[in-house]
Amino acid sequence: MSSVVVVGGGIAGVSTVAELRKKGYVGDLTLLSADPVPYDRPPLSKEYLAGGRDLDSIALQAPEWYVDQRISLVGGVVAVALRPDAGEVELSDGRVLTADRIVLATGGRAVRPSLGEIGSAIHVLREVGDADRLRTQLVPGARLLIVGAGLIGAEVASTARKLGAEVVLVDPLPVPLAAAVGIEVATWLHGLHADHGVGALTTTVETLLETPAGVAAQLTGEPGSREFDAVLLAVGLVPETALAEAAGLETSRGILVDAGQVTSHPSVLAVGDCARLRDHPRAEHWEAAQLDGARAAATILEAEPPPTTASWWWSDRYGLHVEGVGEMRSPDAEHQTVVRGVVGEPPFSVFTLRGERVIGAVAVDDPNAVRAARRMIDRGVDVRASDLADPGTDLRKLLRR
Ligand SMILES: Cc1cc2nc3c(=O)[nH]c(=O)nc-3n(C[C@H](O)[C@H](O)[C@H](O)COP(=O)(O)OP(=O)(O)OC[C@H]3O[C@@H](n4cnc5c(N)ncnc54)[C@H](O)[C@@H]3O)c2cc1C
């Protein structure tokens, strides 16, 4: 009987095994998870961090699901070596698993800049344990410094304010996230921090020093240091490629894969945040990881791959729901920006058009606009800017043109 071992129990790994079974794979299926039960990461900066959800409620699947699906979930161990020619995965408990195909779904680690030791007061946020540790410090009046105002830094600022903490958020960019959401929306979103009592500063952190009272942070351009009770470093992700590299697979800012998720070794596939499609950037979003799993399953089954679709993500802050799809560009000779509604007055959405083609959209509290934009991008539909801009236009009708 054929066999597949999936290394890594995040959304990419769980999606791979789920899709394999859904599409009729009857061979042996093993999912290796560093955690006893695979869980979802997006709530770690949102409801889970706020205390509104527990670990059971963020499990990607209930424990019985693995039994029902005849998936052997090997939890609490990690793979320590990979031998692609022999089809072997060596585990931290000494066992060696063999399989016809191995899928690497090892995700990534939070970047740990050498500013200060990660410890009881200096945090990163990637694992549930990170969220648990950070949450113990987010009490009313606690002083939190967040380094990095990207999606995760901004979400934690919002959650921390909800919990009553005093927050300072620093980023070297005056308008973080402009590349992802366009300058107009990014400016408004960043301004929300100040509206919610967050001290948003355009600067960098030079050093962090744990003291008996907390952490002394030296910010660039300030004469003395500032005291905080806790610091979160939210400055990005490093793909987890160590196993692949040691096994001689090709890596470059991720484990390099082809359009079917196959690495430089034909029996090894890679999915999710650890993988990078040659000549493309890594997506680092939840749905992209899930779709990678579906593509890997199709490759293993030699089945039709899922249709390609524009990359989609979401984020939540200060009670607002932000979604984006495709590519946002600043207006230039080729591109124009079309606003539907008024930026800053949700619901609204902003589209990037190249000629008459939508190539990207961002919406606040308007998921339907992003859903329609995605179909426009996927189908290559031409639209008139004036139709898009008119809030009275039913965007679904534009798809029929
Ligand atoms: C706090 C936070 C909030 C987020 N919010 C959003 C959001 O709102 N919207 C959005 O689109 N995306 C969001 N993301 C991004 C999204 O969660 C990730 O893109 C997604 O989790 C990637 O899934 P993955 O399975 O590739 O990797 P991961 O989720 O990192 O899973 C990889 C797993 O592999 C395990 N592993 C690593 N090495 C080994 C080994 N050698 N052996 C066994 N196991 C191993 C790891 O422990 C981990 O459990 C968020 C991420 C974080 C951290």
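Residues take numbers from 1 onward in each chain, read along the sequence in its written order. In keeping with the model being predicted, local features are shown solely for residues with a pLDDT of at least 70 and side-chain atom pairs are shown and tallied solely at 80 or more, while totals for entire chains, interfaces and linings include all residues. The side-chain figures draw on all heavy atoms in the structure; neither hydrogens nor water molecules are used.

A. Spotlight on the site of the ligand. Nearness of a residue to a molecule or strand requires only that one of the residue's heavy atoms be within 4 Å of it. Taken together, 33 residues form the shell around the ligand, and within it Arg41, Lys46, Ala79, Arg126 and Asp273 come nearest. Between the ligand and Arg41, the relevant distance is 2.5 Å, taken from an oxygen atom to a side-chain nitrogen or oxygen of the residue. Measuring from an oxygen atom of the ligand, one finds a backbone N or O atom of Ala105 at 3.4 Å. Contact with the protein chains hides 93% of the accessible area of the ligand, taken as 1000 Å² for the molecule alone. Elements represented by at least two residues in the shell around the ligand include exactly helix H1 (11-22), helix H5 (151-162), helix H9 (286-301) and strand S21 (312-317). Here the shell around the ligand is built from residues that sort into 16 nonpolar, 9 polar and 8 charged. Domain delimitation in this document rests on an assignment produced automatically or drawn from a domain database. Two domains share the shell around the ligand, each providing at least three of its residues, namely domain 1 (3-109 + 237-301) and domain 2 (122-233). By the criterion applied in these results, polar contacts are pairs of N or O atoms within 3.5 Å in which, for protein atoms, one can donate a hydrogen and the other can accept it, and in which residues neighboring in sequence qualify only through two side-chain atoms. Surface exposure here means Shrake-Rupley accessible area, sampled with a 1.4 Å probe, where a residue is shielded only by the protein chains that are shown. Helical segments are the DSSP runs of H or I of at least four residues, strand segments are the runs of E of at least two, and each set is numbered from the N terminus. Residues are grouped as follows: Ala, Val, Leu, Ile, Met, Phe, Trp, Tyr, Cys and Pro are nonpolar; Asp, Glu, Lys and Arg are charged; every other residue, Gly included, is polar.

B. Seen up close, the domain arrangement of the chain. The domain boundaries assigned to the chain delineate domain 1 (3-109 + 237-301), domain 2 (122-233) and domain 3 (319-398). Between domain 1 and domain 2, the contact holds 16 residues from the first and 15 residues from the second. Computed with a 1.4 Å rolling probe, the buried area is the accessible surface lost when two parts are put together, summed over both parts. Taken over both partners, the interface formed by domain 1 and domain 2 buries close to 1400 Å², and the fraction arising from carbon and sulfur atoms is 58%. Sorting the residues of domain 1 by area buried against domain 2 places Ser45, Tyr48 and Leu49 first, and these three jointly supply 41% of that buried surface. Counted as salt bridges are all cases of a side-chain nitrogen of Lys or Arg within 4 Å of a carboxyl oxygen of Asp or Glu. For the interface between domain 1 and domain 2, the tally reads 3 salt bridges. Among the salt bridges present, the one from Glu127 reaches Arg41, with a minimum N-O distance of 3.9 Å. Any pair of residues with heavy atoms lying within 4.5 Å of one another is described as a contacting pair.

C. Quick look at the UniProt feature "domain: Reductase C-terminal" (unreviewed entry) in the chain. UniProt positions are given in the numbering used here, feature names are shortened, and annotations may be inferred rather than shown by experiment. Per the UniProt annotation, the sites labelled "domain: Reductase C-terminal" (unreviewed entry) are residues 312-399. Measuring from the first to the last C-alpha atom of residues 312-399 gives 18 Å, for a span that is 25% helix and 44% strand.

D. Focus on the nonpolar core. Throughout this description, the term nonpolar core refers to a set of buried Ala, Val, Leu, Ile, Met, Phe, Trp, Tyr and Cys residues connected via side-chain atoms within 4.5 Å. We call a residue buried when its accessible area falls under 20% of the maximum for its residue type, exposed when it is over 50%, and partly exposed in between, using a 1.4 Å probe and counting protein chains only. Among the nonpolar cores identified, the biggest contains 39 residues, and Leu44, Leu144, Ile146, Val156 and Val181 are the most heavily contacted of them. Ignoring sequence-local partners within four residues, the contact set of Ile146 consists of Gly153, Val156, Ala157, Val167, Val168, Leu169, Val170 and Leu232. Core analysis: the next-biggest nonpolar cluster, separate from the first, contains 23 residues, Val14, Val17, Leu29 and Ala289 among them.

E. Examining H1 more closely. With 12 residues, H1 extends 16 Å between its outermost C-alpha atoms, agreeing within 8% with the 16 Å of an ideal straight helix rising 1.5 Å per residue. Burial runs high along H1: 10 of the 12 residues are buried. When we look at burial in H1, the residues that qualify are Ile11, Ala12, Gly13, Val14, Ser15, Thr16, Val17, Glu19, Leu20 and Arg21. Under the convention used throughout, the expected extent of a helix is 1.5 Å for every residue step, that is, one less than its residue count.

F. Seen up close, the environment of Gly272. When you line up the elements, Gly272 lands in the loop between strand S19 (268-270) and strand S20 (275-277). Not counting the four nearest positions on each side in its chain, Gly272 is found in contact with Ala12, Ala289 and Asp292.

G. Highlighting the sheet that holds strand S16 (residues 230-233). Any two strands between which DSSP finds at least two bridges are classified as paired. If you walk across this open sheet you meet the 5 strands as S9-S16-S10-S11-S12, and the pairing is parallel. Strands at the two margins of the open sheet, each flanked by one partner only, are strand S9 (122-123) and strand S12 (199-202). Of the pairings in the sheet, the one linking strand S10 (residues 143-147) to strand S11 (residues 166-171) comprises 5 bridges and is parallel in character. Among the inter-strand pairings, Ile146 is bridged to a residue of S11, identified as Leu169. Across the sheet, H5 lies against S10, S11 and S16, angled at about 170° from S11, the strand it touches most. Axis definition: a line fitted to C-alpha atoms, over the contacting stretch in the case of helices. Angles run 0 to 180 degrees between N-to-C directions.

H. View of the environment of Ala216. With respect to the helices and strands, Ala216 occurs in strand S14 (residues 214-219). Ala216 sits 85 residues away from Ala131 along the chain, and the two C-alpha atoms are 22 Å apart.

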